[in-house]
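Take a look at the letters that make up each chain.
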Amino acid sequence: MAGTSDPHASAFSAAELEFLAEDEMIEIVPNLRMDALNFISGDFGPFRPQIPTQAPLWLAVALKKRGKCTIRAPEWMSVDKLTQVLEAERDSDKFQPLPFHYVEISRLLFDHAQGDIPDTYMVRSLIEDIKDVRFHKIGKGLESISGGGTFALKLKNLSAMEANIVRPFVTRALETFYKLSSSDMIQETDNAPNRQQTANRGPRRQLKDR
Amino acid sequence: MDSGAGESSAADDYESLMSTTDAELLKSAWRNEKAAPEILNYAADLVQRSRQQIQLMEEMVEDYINDGVDPLTVSLYQIDLDRTMFLLRSYLRTRLQKIEKYVFHIQKTAEEWNRLSKQEQKFASRFAGDIKHHLDQSVLSRLPDQYQSHLRQSAASEEDDMVPEPQLDSYVVCRSKKYLGTYQLNDGGEELINIEADDLYALPYKSIKPLVESGQVDLV
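Residues numbered from 1 in each chain as written. Chains lettered and ligands numbered in written order. Predicted model: local features only at pLDDT ≥ 70, side-chain atom pairs only at ≥ 80, totals over all residues. Heavy atoms only, no water.

- An unreviewed UniProt entry annotates chain B as DNA replication complex GINS protein SLD5 of Salvia splendens.
- Its UniProt record gives chain B a comment under Function (unreviewed entry), which states: "The GINS complex plays an essential role in the initiation of DNA replication." (UniProt positions renumbered as here; feature names shortened; annotations may be inferred.)

Given below as structure tokens:
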């Protein structure tokens with residue numbers, strides 16, 4: 001993904017978003033004894049059997065894969081909380097506050113720690129529903145961006161994955177509006193600063209007539 | 001980007017600790033560099049420190065393997081090492097890509113040239129030379145005299161209009177850590193928005209360039 005020539009494509013691949021999400025802290029219950037670990041990314045541990053500790057997600061998943069711990073589902077991942085969020089999403093036009101990386105975190109946990117999440121199927125289907133409702137809202141919200149006036153957009157409570165997916169569309173749409181609206185400005189006023197803007201707008205100008 | 005207190009601060013909660021560690025700073029620098037349309041300042045100190053830490057780690061892992069330390073611990077250290085190396089490499093690679101894309105513009109503009117590290121400047125000069133040579137050989141030398149410049153469409157052009165420039169008007173999605181109050185978005189003072197903490201905004205990069213440079217907003 002590093003080789004895309006289109007500057008407006010999603011800046012981050014899904015894998016890179018997951019990489020960023022893996023630094024989020026989560027609670028684990030180790031079943032081994034290990035001294036403190038001094039990583040470049042921080043100091044974690046020491047780990048004692050049956051004593052819950054905080055660890056970054058990547059470490060938790062690594063330990064879990066080797067059977068050295070169980071992962072405690074984060075508290076927002078309970079059936080009750082998620083049902084609340086889902087209902088609030090359906091009722092309101094706004095986005096409900098959710099952990100920024102909720103998509104990536106839930107995906108990682110489902111892939112590696114399914115047994116540690118109570119009511120896995122329920123939780124999974126709730127999260128899917130929440131994702132769908134939010135995407136639908138994003139679509140509706142985008143339809144309502146008006147041509148003349150929109151200069152900036154506030155995307156409150158959007159999560160990382162969602163922002164990354166709409167980024168190409170939103171940025172291109174807003175850029176087009178911006179270009180169209182500034183060229184209107186230029187026709188109205190003949191100010192020098194605006195003229196400088198057009199020079200920078202693109203790499204090529206039309207060839208002058210001889 | 002402030003060089004932070006590093007890991008030695010006695011802060012108890014991970015939040016404040018995370019926000020000043022080199023790892024967190026490297027992550028921020030990587031994110032911003034990936035999302036910004038133009039090349040940003042080279043975080044020389046940060047890269048230097050990260051390289052030193054990586055080297056220390058590599059030596060440590062070597063020692064652990066030789067001493068027969070528990071392979072689980074060794075593999076965990078290795079994972080952390082791989083993650084940090086990925087960040088560093090990707091950061092440098094993204095910058096190189098931007099240099100390749102905008103090399104002639106960067107050469108012309110002193111401000112942008114100064115954002116490159118010494119090695120990047122060497123790379124940019126060589127790359128520019130190679131590209132120019134290639135273009136000359138394959139196309140430009142066969143065109144009529146007035147069209148032979150790789151910087152201009154023709155000798156009649158007023159400026160170097162064959163040089164691609166970074167689109168500073170590109171929109172980016174950004175987030176601020178703190179409440180910044182009303183912020184003026186463009187020169188005419190027409191657009192004011194309220195920037196609140198932890199909300200995402202889609203704005204032209206140009207408008208928030210100073211905020212990104214001072215580290216107050218992060219590109220997402």
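1. Remarks on the overall build of chain A
Step number 1: Helix and strand counts for chain A come out as 7 helices and 6 strands.
Step number 2: When contacts within chain A are restricted to residue pairs at least 6 apart in sequence, those whose partners lie at least 24 apart make up 67%.
Step number 3: For chain A, the computed accessible surface area is about 11,300 Å², with 51% contributed by carbon and sulfur atoms. (Helix = DSSP H or I, 4+ residues; strand = E, 2+ residues; numbered from the N terminus. Contact = heavy atoms within 4.5 Å. Areas by Shrake-Rupley, 256 points an atom, 1.4 Å probe, with all protein chains shown as cover.)

2. Regarding the UniProt feature "domain: GINS subunit" (unreviewed entry) in chain B
Step number 1: On the UniProt side, "domain: GINS subunit" (unreviewed entry) is annotated at positions that read residues 72-136 of chain B here.
Step number 2: In the segment residues 72-136 of chain B, helix accounts for 91% and strand for 0%; the C-alpha atoms at its two ends are 56 Å apart.

3. With respect to the nonpolar core
Step number 1: Among the nonpolar cores identified, the biggest contains 85 residues, and A:Ile28, A:Phe39, A:Leu59, A:Leu109 and B:Leu76 are the most heavily contacted of them.
Step number 2: Element by element, the count of residues in this core is highest for helix α4 (residues 71-101) of chain B, at 9 residues.
Step number 3: The next biggest cluster of nonpolar side chains, apart from the first, holds 16 residues, and it includes B:Leu40, B:Tyr183, B:Ile195 and B:Leu203. (Core = buried A, V, L, I, M, F, W, Y, C linked by side-chain atoms within 4.5 Å. Buried < 20%, exposed > 50% of the residue type's maximum accessible area, 1.4 Å probe, protein only.)

4. Thoughts on the environment of A:Val61
Residue and element names in this part refer to chain A.
Step number 1: Along the chain, the position of Val61 falls in helix α2 (residues 57-65).
Step number 2: Along the sequence, Val61 and Lys154 sit 93 residues apart, while their C-alpha atoms lie 34 Å from each other.
Step number 3: Look past the residues within four positions of Val61 in its chain and what remains in contact with it is Ile71 and His112.

5. Topic: the pattern of salt bridges
Step number 1: Scanning all chains against the criterion turns up 25 salt bridges over all chains.
Step number 2: Taking the shortest distance from any N to any O, the salt bridge between B:Glu213 and B:Lys209 comes out at 4.0 Å. Here B:Glu213 and its partner B:Lys209 are both found in helix α8 (residues 205-213), 4 residues apart, which amounts to about one turn of the helix.
Step number 3: Judged by its relative accessible area of 42%, B:Glu213 is partly exposed.
Step number 4: On the accessibility criterion, B:Lys209 (16% relative accessible area) is buried.
Step number 5: One network of salt bridges, with partners in common, ties together A:Glu22, A:Asp23, B:Glu24, B:Lys27 and B:Arg83. (Salt bridge = Lys/Arg side-chain N within 4 Å of Asp/Glu carboxyl O.)

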